[in-house]
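Chain by chain, the residues run as shown.
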Amino acid sequence: MVTFMHGLRVIAYLLHRLAFVTVVCAALGAVVYTALCAFNFMPWLEIPLSLSGRPIESAGLWVQSSLTGLAVLLVFFLPSNKRILALENSHRSFQLGMHDVARAYHHAHAADRADAFKLSSEFDSVRERL
């Protein structure tokens, strides 16, 4: 079961990377194509749109520019999403093993033998008062 969950995490990791690369490439392609259209090397999109029966002139230009801007904004949003996912995964992948318990036990007893805990005298005084 552990290897299955690890496999799912690896697949999710790879799909996140694939999605990020796809969005970056799409945004880069949209920016390049829109720049080529702006300098009249390529034609703008032609979309027949109308509002209340009246055709909207240059609708393709506005749709193409808006989608390019949206793609660029999405590229700037994805790194913050990556940081959030990393934070969630760090909380989710907390594992405590017997080695950790043994190490904590060893450190606590070593500190006790080194008189790091000064509460034993307080315990004795409370016991005397009772």
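Note that this is a predicted model, so its numbers are computed, not measured.

S.K.: Would you mind going over the overall build of the protein chain in detail, with residue names and values included?
M.R.: When helices and strands are counted, the protein chain shows four helices and two strands. Order of helices (α) and strands (β) in the protein chain, N terminus to C terminus: α-β-β-α-α-α. Counting all 130 residues of the protein chain, 7% fall into the buried class. Total accessible area on the protein chain stands at roughly 11,200 Å², and carbon and sulfur atoms take up 70% of it.

S.K.: Outline the pattern of salt bridges, listing residues and values.
M.R.: Scanning the model with the defined rule gives one salt bridge in all. The partner of Asp100 in a salt bridge is Arg103, and the shortest N-O contact between them spans 3.2 Å. Of this pair, Asp100 and Arg103 both sit in helix 3 (residues 98–113), three residues apart, which is roughly one turn of the helix.

S.K.: So what's going on with the layout of surface pockets? Residues and values would help.
M.R.: Here the second largest pocket is characterised by a volume of approximately 200 Å³. As for the second largest pocket, its lining consists of His16, Arg17, Ala19, Phe20, Val23, Leu78, Pro79, Asn81, Lys82 and Leu85. Broken down by secondary-structure element, the contributors of at least two residues to the lining of the second largest pocket are helix 1 (2–38) and helix 2 (59–92).

S.K.: An account of a nonpolar patch on the surface is requested, with residue identities and associated values reported.
M.R.: A grouping of Met1, Phe4, Met5, Leu8, Ile11, Leu15 and Leu18 is seen on the molecular surface, where their side chains present a nonpolar patch of about 750 Å² in accessible area. Within the fold, Met1 resides in the segment before helix 1.

S.K.: Which residues make up the side chain of Gln64, and what values do they have?
M.R.: Tracing the sequence through the fold places Gln64 in helix 2. Setting aside residues no more than four positions away along its own chain, Gln64 makes contact with Tyr33, Thr34, Cys37, Trp44 and Leu45.

Reading the values: rules and limits
- Residues numbered from 1 in each chain as written.
- Predicted model: local features only at pLDDT ≥ 70, side-chain atom pairs only at ≥ 80, totals over all residues.
- Heavy atoms only, no water.
- Helix = DSSP H or I, 4+ residues; strand = E, 2+ residues; numbered from the N terminus.
- Buried < 20%, exposed > 50% of the residue type's maximum accessible area, 1.4 Å probe, protein only.
- Areas by Shrake-Rupley, 256 points an atom, 1.4 Å probe, with all protein chains shown as cover.
- Salt bridge = Lys/Arg side-chain N within 4 Å of Asp/Glu carboxyl O.
- 1 Å grid on protein atoms, 1.4 Å probe; cavity = no way out; pocket = protein on both sides within 12 Å on 5 of 7 lines; lining within 4 Å.
- Points joined across faces, edges and corners; volume = space filled by probe spheres on them.
- Patch = residues over 30% accessible without salt bridge, like charges linked within 9 Å, V, L, I, M, F, W, Y side chains within 5 Å.
- Contact = heavy atoms within 4.5 Å.

So yeah, pure geometry; function would need other evidence.
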